[in-house]
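# Structural description and commentary
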Amino acid sequence: MRFWASAIIMLWLCIGCSCAYGQDPYFINITTANGLPSNSVYCIMQDSKGFMWIAHDEGLSRYDGNEFKTYTSKYQTSKPGTNISEDKYGRIWYQNFDGYIYYVKNDRLYPLPQQENPAGFTPYAILDSIL
């Protein structure tokens, strides 16, 4: 009796799974046609306020769901970068491929102060506020 009960349950599970339909996730394809400055994207992150931050060939951009704002600084050695992160104060950090670290504060991009010449591109970590 147990065998037949198990067999019937397995049969119903197989039939039920074959009739189940998967769901397609909702997505938006964002390209230069939508206002993204470059189609070469290296890193994407969503911050605590819901903004999407995108590191690409032209620097760092914030996407609010409607438009892009690109952040640059006269102190940048190069614009392309990656390793976007957010600290506990809501500041956004990113690193260019030269190894220099920058952060967004008050809607402006600043370099990490007193930054020595990096020995190459190495990942960084935010341990506590230094600014």
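For the structure given in this document, a descriptive report is provided here.

### Topic: unusual backbone geometry
For N83, which is not glycine, the phi torsion reads 60° and is therefore positive. For N83, the position within the fold is in strand β5 (residues 81-86). One non-glycine residue, N106, lies in the positive phi region at around 55°. Owing to a relative accessible area of 68%, N106 belongs among the exposed residues under this scheme.

### Examining the sheet that holds strand β4 (residues 68-71)
Ordered in space as β1-β2-β3-β4, the four strands form an open sheet in which the pairing is antiparallel. Unpaired on one side and paired on the other, β1 (41-46) and β4 mark the two borders of the sheet. Mean inter-strand twist for the sheet, computed between neighbouring axes without regard to direction, equals 20°. Strand direction decides the pairing type here: β1 and strand β2 (residues 52-56), joined by five bridges, are antiparallel. Across the sheet, residue I44 finds its bridge partner in β2, namely I54.

### With respect to the nonpolar core
Formed by 13 residues in total, the largest nonpolar core has its most connected members in W53, L60, I84, I92, Y94, V104 and L109. Broken down by secondary-structure element, the contributors of at least two residues to this core are β1, β2, β6 (92-96) and β7 (101-105).

### Side note on the packing of aromatic side chains
Applying the stated rule across the entire model yields six aromatic pairs. Note on Y42 and F97: the rings are 5.0 Å apart at their centroids and 85° apart in plane angle, and the pair reads as edge-to-face. Pair noted here: Y42 is in strand β1 and F97 is in the loop between β6 and β7, with a separation of 55 residues, a long-range link. The class of Y42 is partly exposed, set by a relative accessible area of 38%. Each ring, one from Y63 and one from F68, has its centre 4.4 Å from the other, and the planes form 25°; the classification is stacked. Taken as a pair, Y63 and F68 share a single burial class, namely buried. Against the face of F51 rests R62, its NZ or CZ located 4.6 Å from the ring centre.

### Some remarks on the sheet that holds β5
In space, the four strands of this open sheet follow the order β5-β6-β7-β8, with antiparallel pairing throughout. In this open sheet, the two edge strands, each paired with only one partner strand, are β5 and β8 (108-111). Averaged over neighbouring strand pairs, the angle between their axes works out to 25° when direction is ignored. Bridge count between β6 and β7: four bridges; the pairing is antiparallel. Each residue of the ladder has a partner; that of I92, found in β7, is V104.

Criteria and thresholds
- Residues numbered from 1 in each chain as written.
- Predicted model: local features only at pLDDT ≥ 70, side-chain atom pairs only at ≥ 80, totals over all residues.
- Heavy atoms only, no water.
- Helix = DSSP H or I, 4+ residues; strand = E, 2+ residues; numbered from the N terminus.
- Buried < 20%, exposed > 50% of the residue type's maximum accessible area, 1.4 Å probe, protein only.
- Pairing = 2+ DSSP bridges.
- Axes fitted to C-alpha atoms, helices over the stretch in contact; angles between N-to-C directions.
- Core = buried A, V, L, I, M, F, W, Y, C linked by side-chain atoms within 4.5 Å.
- Phe/Tyr/Trp six-rings, centres within 6.5 Å; stacked < 30°, edge-to-face > 60°.
- Lys NZ or Arg CZ within 6 Å of the ring centre and 35° of its normal.

Keep in mind these values describe shape, not function.
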